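Residues per chain are reported as follows:
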Amino acid sequence: MTTRHSARAAIASVTDPGSFTELPAPRRESPADGPGGPDGPDGPDGPLEWTGYADSRARAAARTGEQESVVTGTARIGGHETAVVSFEFGFLGGSLGERTGDRLEAAYAHAREHRLPLVSLIATGGSRMQEGMLALTQLQRVARQCVLTRAAGLPQLAVLRDPTTGGGWATLGAGADVVLALPGAQVGFAGSRVRPADADPVAYSAEGQYAAGHVDAVVAAAELPGTLAGWLRVLAAPRPAGPVEPPAALADVAPPRTGWDAVLQARHPDRPRAAAYLDAYFELRLPLSGDRAGGTDPGMLCGFGLREGRAVAYAAQCGTATRPAGYRTAARVVRLADRLGIPVLTLVDTPGAANDAAAEHAGAGAAIADTFAALAAATVPVTTLLIGEGGSGGALALAAPGNTWVTPDSYFSVIAPELAAAILKRPPEAAPATADQLRIRPQDLVALGVARGIVPPGQPR
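Please read these numbers as outputs of a predicted model, since none were measured by experiment. (Residues numbered from 1 in each chain as written. Predicted model: local features only at pLDDT ≥ 70, side-chain atom pairs only at ≥ 80, totals over all residues. Heavy atoms only, no water.)

K.L.:
So what about the overall build of the protein? Which residues, and what values?
P.N.:
In terms of helices and strands, the protein carries 17 helices and 15 strands. Dimensions of the protein along its principal axes, counting C-alpha atoms only, are 85 × 45 × 35 Å. In the protein, buried positions account for 54% of the 461 residues. Across the protein, contacts joining residues at least 24 apart in sequence account for 72% of those joining residues at least 6 apart. Accessible surface, the protein: about 18800 Å² in total, of which carbon and sulfur atoms supply 57%. Side chains of the protein give 40 positive and 45 negative charges; the mean places of these two sets differ by 3 Å. (Helix = DSSP H or I, 4+ residues; strand = E, 2+ residues; numbered from the N terminus. Buried < 20%, exposed > 50% of the residue type's maximum accessible area, 1.4 Å probe, protein only. Contact = heavy atoms within 4.5 Å. Areas by Shrake-Rupley, 256 points an atom, 1.4 Å probe, with all protein chains shown as cover. Lys, Arg positive; Asp, Glu negative; His and termini not counted. Charge placed at Lys NZ, Arg CZ, Asp CG, Glu CD.)

K.L.:
An account of a nonpolar patch on the surface is needed here, citing residue identities and associated values.
P.N.:
Side chains of Leu48, Trp50 and Met129 sit close together on the surface and give an oily, nonpolar patch of about 350 Å² of accessible area. Within the secondary structure, Leu48 is located in the loop between strand E1 (21-22) and helix H2 (53-64). (Patch = residues over 30% accessible without salt bridge, like charges linked within 9 Å, V, L, I, M, F, W, Y side chains within 5 Å. Salt bridge = Lys/Arg side-chain N within 4 Å of Asp/Glu carboxyl O.)

K.L.:
So what about the pattern of salt bridges? Which residues, and what values?
P.N.:
Per the counting criterion, the structure on display carries 21 salt bridges. With a closest N to O distance of 2.6 Å, Glu418 and Arg267 form a salt bridge. Remark: Arg267 occurs in the loop between helix H9 (259-266) and helix H10 (274-281) and Glu418 occurs in helix H15 (residues 417-423); sequence separation between them is 151 residues. With a shortest N-O distance of 2.9 Å, Asp444 and Arg441 are connected by a salt bridge. Pair check on accessibility: Asp444 and Arg441 agree, each one buried.

K.L.:
I'd like a description of the nonpolar core, backed by residues and values.
P.N.:
Counting 61 residues, the largest nonpolar core has Leu228, Trp231 and Phe304 as its most contacted members. Counting residues per element, this core draws most heavily on helix H11 (residues 324-340), at eight residues. Once you skip the residues sitting within four places of it in the chain, Trp231 turns out to touch Leu157, Val178, Leu180, Leu286, Pro287, Leu288 and Phe304. Leu23, Leu104, Leu160 and Val215 belong to the second-largest nonpolar core, a separate cluster that totals 28 residues. (Core = buried A, V, L, I, M, F, W, Y, C linked by side-chain atoms within 4.5 Å.)

K.L.:
I'd love a proper account of unusual backbone geometry, names of residues and values included.
P.N.:
Where the residue is not glycine, phi is negative for most of them; where a peptide bond is considered, it is trans in most cases. Following Asp162, the chain continues to Pro163 via a peptide bond in cis, the omega torsion being -5 degrees. Looking at the secondary structure, you find Pro163 in strand E5 (residues 156-165). Backbone geometry at Arg115 places phi at a positive 55 degrees, although glycine is not the residue there. With respect to the helices, strands and loops of the structure, Arg115 is situated in the loop between helix H3 (98-113) and strand E4 (118-124).

Dropping the structure here:
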């Protein structure tokens, strides 16, 4: 079980002391407003005239000190000015009603007007039954605000508290660019009282949603302020004026003499891998995880980082056969970077796309096509470094046309030499000669115009 903080306690737990300024509640002039005004407890029983609704609101206000289920304002997190939305679960279960929608809409509009990132601290049971369909339609209002804020190029970060269910999860939560969750939080579209009795509870937890690719990270409460500050630091950082430099080669080896030498060097178990390249390249990097469609791929590292104080997005293969979820995660990051105006670095290293039955069922072809499309459509510059194996279209999907570099211990091939030999009905021992014919060495790739150059060890180019 997690500790359920009030809306204001949740704000205080992540923001710089004394920096929060509450936004005024919008006025709602409608027949539903009684003599107490839009937030008064003495109005009628809501738009449905639900008997006892006014009394329920009055009790919730007395218990929490709030007039509605959400508190909105601005605050600094790690010194970065931010629009903040925080749900009060003690007020009718943090449910969304018309007045909740008013406040959320005003908060989003304030974020856009002042060019602020928006952080949502969510704890909600869903839409407010006492307002019926008028409550449910608030989700459309929130979705519209999310879209407008996305189009404005402003990042949206969500923190999933306990619980985050129903429409709050399906709009502010799952619709955010970066989704963080507190350990043990209940997270799911279905709340605990409406899901099937035999449902696996793990599927409705922060950890289960992370494993399924719907949450970027599960972050302990004590680490949350620093994690949010790190994200805001990266997303607020200056952008490089043009394409980023490729990393330097981490292995001090000479270019291979033969095509088969290139294959052996790239397949060497001690060759530097993506994590080492990313650690050497970035002074700070923050991971994004999952394809938002039910899958993750540990063989694809994605996220954003700081390189010499400037923001750079990355998607890096780790030397394994890339799963459909990996391609979808990479495409997601490329599109997010494009929307935020952040250049992209991709590291290519895979023997090829996963080709087992599970990969086909998960849509391998469509996922690869989507990655090709994301890079082709990107308006921000993309830089690629081939750091190991470049296996066919599964590798090419992450390669930037016209700005791909290679390391001395890499190769790129239309197909693995062994498979090429088999297709040509050659014996297995003909694979080395076939590798030479395919011209897959780093220096061959440069001569063919596939790569711009071979990066040496040492400083980036």
